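A look at the structure
Listed here are the chains, written in short residue letters.
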Amino acid sequence: MFASASIIMELILLEAISAELEANLRKRRRRFLVNRRIDQAMELPDEEFLEHFRITKEMFVEIMNLTEDALPDSDTACGYPKPIQVLSVLSWLANGHIEDVLDPGVPIESSTNSMCRMISQVIPILEEKLGSAFIQWPRTLSQRKSIKEGFYAKRGIPSTIGIIDCMHVEIKKPDKAHQCLNQYDKYSLSVSLICDHEGKFIAADATYGGATHSSDIWNMSHERAFMEKIYNENREKCWILGNKAYHLEPWLISPYRTTTQEDIEFNKKFSAVHAIMSRNLGILRSRWKILTKKLLCTPNKTSKIAYLCVALHNMCKMRNVPDVRIERSVQEMQDREEIIEVDEAFDEENEEDQWKKGAANRELIKQILT
């Protein structure tokens, strides 16, 4: 009897050892396949790598250097090593659906998949690191001077440091649905953006729901407070160009609401300058197709995704990556987007004073353009 028990115990022990060895073998095999997949990605022709991940190999190395220390270890990232984490996020942002980089081209449908969980971990890290590195507001006089000179050289408009507009990113119905229901009866975030003369975004705010008007986001922004401060304290002649969704201010120039022939001609030329922003939005959405999809994420997570895409857009600009072609579906999306205009009425005396000073600056631009 004792001999039988001993044999049974040995068999159980052998079975446990065998299972452990098999598990270790599977781990080693997966590690080998993962490392091979990383090697294969880096061995892709440069054009193919850029097509799939929207960045160059040099940019990928740069991103890894910026973020590697903050990225989770593979043990806490569903088994994915750090390079695969970054490549997976880039592929998802670029293609608009999740593809396992271990098996490229195969979409993953389940939101509970390990790849989805890993991406959810990595997005906030990339957003924080790349956002702070590549989205830069011109706080110094020399930075603003450089942008002003760029706008004047390209478009003949003086004292301009940016162009402002908003885009919508569709989301699932959130908890505070009334804050996100936009004018198209869809739930979205309204992403406020300001670009410079080179097409880089110098400011981005994706924290407001689609029900918030563009002008309200601007009124509550740090950028407006900054512009008002340098105007009041330094009397610096410096402004941003907006469309009819924005009120006229000394530091924000918007088109005429009047219909004289002279004003109409000015508005046409003004709109041609503002088209710089429309093109940038088209490039942003065409390069990072995730921004054209309905995201099944919380508003907070969607905000980080949008901000990360803006940072990557700027990185591409700064590293001289050629602009992508604006896709027809993206152009049609932008053509359908309506501007909810604001009038030029004012409620308080200081608003009237600001409007008059803004009108004087607009008149100056009008004389130059016409």
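Before reading on, note that the structure itself is shown above.
Residues numbered from 1 in each chain as written. Predicted model: local features only at pLDDT ≥ 70, side-chain atom pairs only at ≥ 80, totals over all residues. Heavy atoms only, no water.

Side note on the pairing of strand S1 (residues 160-170)
- Burial analysis of S1 places 10 of its 11 residues in the buried class, the great majority of the element.
- Both S1 and strand S4 (residues 239-241) contribute to a ladder of 3 bridges, which runs parallel. By the bridge assignment for S4, Thr160 is matched with Trp239.
- Two elements, S1 and strand S2 (residues 188-195), share 8 bridges in a ladder whose sense is antiparallel. What sits directly across from Asp165, in S2, is Leu193. (Buried < 20%, exposed > 50% of the residue type's maximum accessible area, 1.4 Å probe, protein only. Helix = DSSP H or I, 4+ residues; strand = E, 2+ residues; numbered from the N terminus. Pairing = 2+ DSSP bridges.)

Things to note about the environment of Glu127
- Along the polypeptide, Glu127 turns up in helix H5 (residues 114-134).
- When its relative accessible area of 14% is taken as the criterion, Glu127 is described as buried.
- Taking the C-alpha atoms as reference points, Glu127 and Ser303, separated by 176 residues in sequence, lie 9.6 Å from one another.
- In this structure, Glu127 is in contact with Ser132, Lys304, Tyr307 and Leu308, ignoring residues within four places of it in sequence. (Contact = heavy atoms within 4.5 Å.)

Re the sheet that holds S2
- What the 5 strands build is an open sheet, ordered S3-S2-S1-S4-S5; its pairing is mixed. Every interior strand has two partners, whereas the edge strands, strand S3 (201-209) and strand S5 (252-253), have only one.
- Lying over the sheet, helix H9 (residues 261-287) contacts S1, S2, S3, S4 and S5, oriented at roughly 45 degrees with respect to S1.
- Sitting on the sheet, helix H10 (residues 299-318) is in contact with S1, S2 and S3, with an inclination near 165 degrees to S3. (Axes fitted to C-alpha atoms, helices over the stretch in contact; angles between N-to-C directions.)

Things to note about unusual backbone geometry
- For Arg54, which is not glycine, the phi dihedral falls at a positive 70 degrees.
- Within the secondary structure, Arg54 is located in the loop between helix H2 (46-53) and helix H3 (57-67).
- Look at Arg54 and you get buried, because its relative accessible area is 6%.
- Even without being glycine, Ser159 reaches a positive phi, approximately 60 degrees.
- As for its placement among the helices and strands, Ser159 is situated in the loop between helix H6 (141-155) and S1.

Focus: the packing of H5 against H10
- Viewed as axis vectors pointing N to C, H5 and H10 meet at an angle of 45 degrees, and their least axial separation amounts to 8 Å. On the basis of the axis angle, H5 is oblique to H10. As H5 runs across H10, the sense of the crossing is left-handed. Together, Ser120, Ile123, Pro124, Leu126, Glu127, Leu130, Gly131 and Phe134 of H5 and Lys301, Lys304, Ile305, Tyr307, Leu308, Ala311, Leu312, Asn314, Met315 and Met318 of H10 make up the contact between the two elements.
- For the contact of H5 with H10, the class distribution of residues is 12 nonpolar, 3 polar and 3 charged. (Parallel < 35°, antiparallel > 145°, perpendicular 65-115°, else oblique. Left-handed = near helix turned anticlockwise from the far one by under 90°. Nonpolar A, V, L, I, M, F, W, Y, C, P; charged D, E, K, R; others polar.)

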